[in-house]
Amino acid sequence: MLEDLFHSPTSLSLLGVIMGLLVLHFFYSNFSFQEKGTEPPGPKPLPLLGNLLQVDLKKLDSSLFDLSKKYGPVFTVYFGLKKVIVLAGYRTVKQALVNHAEDFGDREVTPIFYDFHKGHGILFSNGNTWKEMRRFALTTLRDFGMGKKITEGKIIEECHYLIEEFEQHDGKAFNNTQTINYAASNIISAIMFGRRFEYKDPVFQAMVERDHESIRLTGSASILMYNVLPWLGPWLKNWKELMKNVEDNKRETNNIIADLKETLNPEMCRCFVDVFLNRQQNLEVSEIKDSHYNDENLVYSVMNLFAAGTETTGNTLQWCLVFMAKYPHIQDQVQEELSRVVGSRQVQVEDRKNLPYTDAVIHESQRLANIVPMAIPHKTSRDVTFQGYFVKEGTTVFPLLTSVLYDENEWESPHTFNPSHFLDKEGKFIRRDAFMPFSAGRRVCLGESLARMELFLFLTSLLQRFRFTPPPGVSEDELDLTPVVGFTLSPSPHELCAVCRK
Ligand code: HEM
C-alpha cells in the first residue's frame, strides 16, 4: 500500500508539501531553541532524519546508553524532527525525576499513546485528569488492600492455582508465559472487578494475550517510526493490529463494567469499578458538571491498571524463573534458606525480613531484567535549566532506566547476576538507591507495593514446591538471556521444567 502512495501524482505533490513543511519546522524549532540557552549536546542530526541513522531502533535503550558514554548524562537525540532529551545514570535521572519532579513530571503523549486513550485514564494523561485519576486509583487500590493483608490472602490463593497448573506438566518442559500472566492478572482483576478468572476462560485469555501483544508491538521499530511520522499509521500492519487490540479490550472491559453496574449496591462496594460508579452517580445527583468521573476515564483507567498490573509482574516473574534455571547454585541457596526459615508451611509477607538472600535474588532479578528500560516517556511541564542546559517546556524526555540499573558507578558488577549487590558482609539485605525499576518521582509506578508483594509470594511459593531446570538436553549455559525487545524487555520464548521437590 505504501508503494501505491509513492506512485500517485497527487500523493507525490502532497508528500512534497509535507516534506517542505517538515524542513521548515525543523529549522524553525532548532533556531528558536538555540536562542534561549545551551542545548544539551548530542550527535549531529541530519535534516528530516535527525539521528535515526545513528540509533538502533531495535535496541533503542542500549543504543542510547552507548551514546550517553560519548555525550554525557544529558544529551539530545532527534527522532526525525522530534527532539528528545535523554537522561542517563542514577544521579542525573534521580536529580531530574525527584529533585525537579514538577519540571520533568508530565507524560509525553506520543501519537500511539494518544490513539490508545485520547488523553483519558492514568498512564497516558496529563493535567487535572491525570491528577484526579491517579489519586483516585491510589486511594482505591489501598482501600482494597494493595500492600495489605487482604491482598496477601488473594495472592496466596492464586499461588495454589498456579502451582496446580504447573503440576499438570509433570516435570516436562513447557512455556510458562501465559499461565504466569493469568496468575498476575487475577490479582489486579480481583481488585478491579472483585473476581478472579479461570485460566481457561477464553475472554480472559484473549484480553491478557492482546495486552501482551500490544506491549510488544508498541516497542517495534515500525511503531517508533509511526510516532515520528504519524501519517504512516493506516499503512502499518502493527498500527492496525494495535488499534484493533485496544478496541477489542475496551469492548470486553465495558462488558464487565456493564455487568457490575447492573448489580451495583451503594451499601456494598465490591471493587474498584463499584467505587468509581458510585462516585459518578453521587456527582450526577449533586449535578456537578465537568467531573473527571466519566465513562471514558473509567474504562481507560481500568484498562491501564489491568495491563500494567499483568504484563510487568508476569514478565518479571518469568525472568526470575529463567535466572533460577540458569544459575542452579543460586536456586540452591534460595531453597536452602526457604527450607531453613519457613519449612513447608505457606510463606507470608512477614517472612521476608528473615529471608535476606531470597529478597536479594528478587531485587537482583528485577535489576538485571530491567523490564521497562526507558520508563514511559516523560515531557517537561515548563522551561527548565538542568545541569546548565536549557530544556524547553513540552520537550520529550527519556529517563533511561537501563543506565540507572546498569550504572557502573553504582553497581559492583552491573552486567552480572549477582545477588550480593543487595547483601552486606554479614549477609543482611541492603537497599540500594540505584534500584529503580519502578522509576521515581511524580510518575513513579503506582502499583509498586502490589508488584513487590506478588513477586515475593509467587516466587517463594513456586520455589518451595518446584525445582526449575532447562529442558532435557539444554545446558544452563545455553539458556538465552537475550530479551525480546518490545515496550518492555521480556525473556525470549523458552521452555523450563518445573520438577516437584521431594
Ligand atoms: C514488576 C512490576 C512492575 C514494574 C517493574 C513497573 C514499572 C513501572 C514503570 C517503570 C513505570 C513508568 C514510570 C515513569 O513514567 O516514570 C510504571 C508506571 C505505572 N505503573 Fe507500574 N510497574 C510494575 C507493576 C505495576 C502494577 C502491578 C500496577 C497496577 C497496580 C502498575 C501500574 C502502573 C501505572 C498505573 C503506571 C502509570 C503511572 C502514571 O503515569 O502516573 N504497575 N510502572
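That block above? That's the structure.
For clarity, every value in this text was computed on a predicted model and none was experimentally measured.

J.: Can you help me understand empty space enclosed by the protein in this one?
T.: Think of a ball as big as a water molecule: rolled over the atoms, this probe shows where empty space is left. Counted according to the given criterion, the structure contains three cavities of 30 Å³ or more. Quantified by volume, the largest cavity comes out at close to 1,000 Å³. Surrounding the largest cavity, 50 residues form its lining, Leu-123, Asn-304, Ala-308, Thr-312 and Ile-376 being those nearest its centre. Elements with a contribution of two residues or more to the lining of the largest cavity: helix H5 (111–117), helix H6 (127–143), helix H9 (202–218), helix H11 (237–262), helix H13 (295–326) and helix H17 (448–465). Here the lining of the largest cavity gets 10 residues from one element, more than from any other, and that element is H13. Classifying every residue of the lining of the largest cavity gives 28 nonpolar, 15 polar and seven charged. For the second largest cavity, the calculated volume is near 50 Å³. Surrounding the second largest cavity, Phe-193, Met-207, Asp-211, Asn-249, Thr-253, Val-302, Met-303 and Phe-306 form its lining.

J.: Where do I start with the sheet that holds strand E1 (residues 74–79) in this structure?
T.: Working definition: the strands of a sheet are paired by backbone hydrogen bonds and lie parallel or antiparallel to each other. The five strands lie next to each other as E1-E2-E8-E5-E3, forming an open sheet whose pairing is mixed. Looking at strand neighbours, the two that pair on one side only are E1 and strand E3 (106–107), the edges of this open sheet. Here strand E5 (residues 378–379) runs beside strand E8 (residues 396–399); their pairing, made up of two bridges, is antiparallel. Following the sheet pairing, His-378 is matched in E8 by Val-397.

J.: Could you clarify how one ought to interpret the packing of aromatic side chains in this entry?
T.: Any aromatic ring pair is given by two values, namely how distant the centres are and how the planes are angled relative to each other. Counted by the stated rule, this structure contains 27 aromatic pairs. Pairing Phe-113 with Phe-487 gives two aromatic rings, centres 5.9 Å apart and planes at 85°, and the pair type is edge-to-face. Taken together, the residues span a long stretch of sequence, with Phe-113 in helix H5 and Phe-487 in the loop between strand E10 (483–485) and strand E11 (489–491) at a distance of 374 residues. When its relative accessible area of 3% is taken as the criterion, Phe-113 is described as buried. We classify Phe-487 as partly exposed; its relative accessible area is 22%. Taking 5.6 Å as the distance between ring centres and 50° as the angle between the ring planes, the aromatic pair formed by Trp-411 and Phe-422 counts as tilted. Note that Trp-411 is positioned in the loop between helix H16 (401–405) and H17 and Phe-422 in the loop between H16 and H17, a separation of 11 residues in sequence. The pair formed by Trp-411 and Phe-422 is uniform in burial state, with each residue classed as buried. Members of the aromatic cluster, connected to one another through ring pairs, are Tyr-182, Phe-193, Phe-197, Tyr-199, Phe-204 and Phe-306. In this structure, Lys-69 is placed above the aromatic ring of Phe-65, and the distance from its NZ or CZ to the ring centre is 4.1 Å. Over the face of the ring belonging to Trp-411 we find Arg-367, whose NZ or CZ atom lies 5.1 Å from the ring centre.

Basis of the calculations
- Residues numbered from 1 in each chain as written.
- Predicted model: local features only at pLDDT ≥ 70, side-chain atom pairs only at ≥ 80, totals over all residues.
- Heavy atoms only, no water.
- 1 Å grid on protein atoms, 1.4 Å probe; cavity = no way out; pocket = protein on both sides within 12 Å on 5 of 7 lines; lining within 4 Å.
- Points joined across faces, edges and corners; volume = space filled by probe spheres on them.
- Helix = DSSP H or I, 4+ residues; strand = E, 2+ residues; numbered from the N terminus.
- Nonpolar A, V, L, I, M, F, W, Y, C, P; charged D, E, K, R; others polar.
- Pairing = 2+ DSSP bridges.
- Phe/Tyr/Trp six-rings, centres within 6.5 Å; stacked < 30°, edge-to-face > 60°.
- Buried < 20%, exposed > 50% of the residue type's maximum accessible area, 1.4 Å probe, protein only.
- Lys NZ or Arg CZ within 6 Å of the ring centre and 35° of its normal.

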